[in-house]
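# Structural overview
Each chain, written out:
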Amino acid sequence: MTGLGIAAVPQLPILGGGLLLAGGFAGLAAGMMGVGGGIVIVPVLYHLFTALGVDEAVRMHVAVGTSLATIIATSLTSLRAHRRRGAVDGELLRAWGPAIFLGVLAGTAVAGVVRGPVLTAVFAGMAVLVTLHMLFGKPEWRIADGLPSGAPRQGLAGGIGMMSAMMGIGGGTLSVPILTLFGYPIHRAVGTAAALGFIIGVPGTVGFVLTGWNVPGRPDFSLGYVNLLGLALILPASMAMAPLGARLAHSLDTRVLRRVFALFLGLTAARMIHGLLP
């Protein structure tokens, strides 16, 4: 299959419905549990593209690239809200920003040359770690009372940028637990992560557009590895459902919600790993 064009018109309603579902679920999860939408969007897109027969060589690349493109808008919306509450640490952004940016460039370059199953393995492996943290992590856990200085500090930021670009996530999924482990207040960590999402989303999206330019096997409506149909449907659904998720977070037991989401993420990661086995 080389695309989802005229020959695939009967599949378009399935694709459109799946994209809207992915966006709505991502927004709901982000609002309820403070996780980045990318951690939902990528696996849903991956399985949707699998069901529609998109070439295995590119399906994960398109899922990651499309997710990064959605992060640009959602991170700006979230950033404005957190900035009004004074929850964005400008000093940390100035210290981490360049290393995050360079990490994204490195991650995008690596993603552009590795095979699809490698990206799938990277996402699934990190998703398992996120699942374990959500299930068993304690708010009081600490590695230190402050971030390291010098090269370790920059290496940490570069690693977050690189892994986020390869996974198609905005950075909050990785940066928030890391910051809290180093004694950072949770609300300030979440607010600052929104700004990191923009730093990750812009160069990551440009990189996936360029590295996927004219690559065969991509779904139609794709600009490089960014699927424009996916972007057009996921983004409004995600932004529409996020406020509902935030309201539900105040009326439901978020500990139960986190466990349910962790189980969903764990099962999704397990299915992706199973698909990689010979």
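What you are looking at is a predicted structure, and each value in this text was computed from that prediction instead of being measured.

As a further point, take the side chain of Thr70. Inspection of the secondary structure puts Thr70 in helix H3 (residues 56-84). The exposure class of Thr70 is buried, given its relative accessible area of 4%. Apart from the residues within four sequence positions on either side, Thr70 is in contact with Ile41, Leu231, Ile234 and Leu235.

Within the secondary structure, Gly217 sits in the loop between helix H8 (186-211) and strand S1 (222-223). Along the primary structure Gly217 and Val58 are separated by 159 residues, whereas in three dimensions their C-alpha atoms are 6.7 Å apart.

Together, Val128, Leu129, Leu132, Phe136, Trp141, Ile273 and Leu277 make up an exposed nonpolar region whose accessible area comes to about 660 Å². Per-element tally for the nonpolar patch: the top contributor is helix H5 (residues 116-136), with four residues. Assignment of secondary structure puts Trp141 in the loop between H5 and helix H6 (150-167).

Of note in the backbone geometry, Asn214 takes a positive phi value of approximately 65° without being a glycine. By the element assignment, Asn214 lies in the loop between H8 and S1. Under the relative-accessibility criterion, Asn214 is labelled exposed at 64%. Phi angles above zero are rare outside glycine, and Phe221 is one such case at about 70°.

Moving on: helix H4 (residues 90-113). Structurally, the α-helix is built with 3.6 residues per turn, so residues lying three or four positions apart point the same way. For H4, which comprises 24 residues, the first-to-last C-alpha distance of 34 Å matches the rise-based estimate of 34 Å (1.5 Å per residue) to within 8%. Where H4 bends most, the angle comes to about 45°, and this point is Trp96, followed within four residues by the proline Pro98. By the burial criterion, the buried members of H4 are Leu92, Leu93, Trp96, Gly97, Ala99, Ile100, Gly103, Val104, Gly107, Thr108 and Ala111.

Of note, Ser222 is situated in strand S1. Within polar-contact distance, the side chain of Ser222 engages the side chain of Asn227 at 3.1 Å. The residues touching Ser222, leaving out its near neighbours within four places in the chain, are Val62, Asn227 and Leu228.

Our next topic: the packing of helix H2 (residues 38-51) against H3. Two numbers describe a pair of packed helices, the interaxial angle and the distance between the axes. Where H2 contacts H3, the two axes come as close as 9 Å, and the packing angle between them is 145°. In terms of crossing hand, the pair formed by H2 and H3 is right-handed. Side by side, H2 and H3 meet where Gly38, Ile41, Val42, Leu45, Tyr46, Phe49 and Thr50 of the first sit next to Arg59, Met60, Val62, Ala63, Val64, Thr66, Ser67 and Thr70 of the second. In terms of residue class, the contact of H2 with H3 is made up of nine nonpolar, five polar and one charged.

Quick look at the packing of helix H7 (residues 172-181) against H8 now. Contact geometry of H7 with H8 gives a least axis separation of 9 Å together with a crossing angle of 145°. Here H7 runs over H8; the crossing is right-handed. Taken together, the residues of H8 that come into contact with H7 (itself represented by Gly172, Ser175, Val176, Leu179 and Thr180) are Ile186, Ala189, Val190, Ala193 and Leu196. Within the contact of H7 with H8, the residues separate by chemical class into seven nonpolar, three polar and no charged.

Attention shifts here to the confidence of the model for the chain. As a note on interpretation, predicted positions should not be read in detail where pLDDT is low. For the chain, per-residue confidence averages 83 on the pLDDT scale, and 92% of positions sit at 70 or higher. Element-level mean pLDDT values for the chain span from 78 in helix H1 (residues 12-33) up to 94 in strand S2 (residues 226-227). Note that residues 1-9 has pLDDT below 50 and, in this model, 20 contacts with residues that lie over four places away or in other chains.

Judged by nonpolar contacts, the single largest core of 64 residues is most densely connected at Ile39, Met60, Trp96, Ile100 and Phe123. In this view, Ile100 contacts Ala157, Ile160, Gly161, Leu196, Ile199 and Ile200; residues no more than four positions away in its chain are not counted.

Definitions and cut-offs
Chains are numbered independently. Their residues run from 1 in the order of the written sequence. Local features are withheld for residues below a pLDDT of 70 in this predicted model, meaning they are given only at 70 or higher, and side-chain atom pairs are given and counted only at 80 or more; totals for whole chains, interfaces and linings count all residues. Water and hydrogen atoms were dropped before computing side-chain values, which therefore reflect all heavy atoms in the structure. Runs of H or I in DSSP of at least four residues are treated as helices and runs of E of at least two as strands, each being numbered from the N terminus. The buried label applies to any residue whose accessible area, calculated with a 1.4 Å probe on protein chains only, is under 20% of its type's maximum; exposed applies above 50%, and partly exposed to all values in between. When checking whether two residues touch, look at their non-hydrogen atoms; a contact exists if any pair is within 4.5 Å. The patches described consist of residues with a relative accessible area above 30% and no salt bridge, like charges being joined within 9 Å and nonpolar side chains (Val, Leu, Ile, Met, Phe, Trp, Tyr) within 5 Å. Using a 1.4 Å probe, accessible areas were evaluated by the Shrake-Rupley method; residue-level cover was limited to the displayed protein chains. Salt bridge criterion: a side-chain nitrogen from Lys or Arg within 4 Å of a carboxyl oxygen from Asp or Glu. By this rule, a helix spans an expected 1.5 Å times one less than how many residues it contains. To get the bend at a residue, fit one axis to the 7 residues ending there and another to the 7 starting there, then take the angle between the axes. For the purposes of these results, a polar contact is taken to be a pair of N or O atoms within 3.5 Å, where, inside protein, one atom must be able to donate a hydrogen and its partner to accept one; residues adjacent in sequence count only when each atom of the pair is a side-chain atom. Each axis is a line fitted through C-alpha atoms, taken for helices only over the stretch in contact, and angles between the N-to-C directions span 0 to 180 degrees. Handedness of a crossing is defined here by the sense of rotation of the near helix relative to the far one, left-handed for an anticlockwise turn of less than a right angle and right-handed for a clockwise turn. Each residue is assigned to one of three groups, with Ala, Val, Leu, Ile, Met, Phe, Trp, Tyr, Cys and Pro labelled nonpolar, Asp, Glu, Lys and Arg labelled charged, and all others, Gly among them, labelled polar. Per-residue confidence from the predictor is given as pLDDT, running between 0 and 100. Throughout, nonpolar core names a set of buried Ala, Val, Leu, Ile, Met, Phe, Trp, Tyr and Cys residues whose side chains join them through atoms within 4.5 Å.

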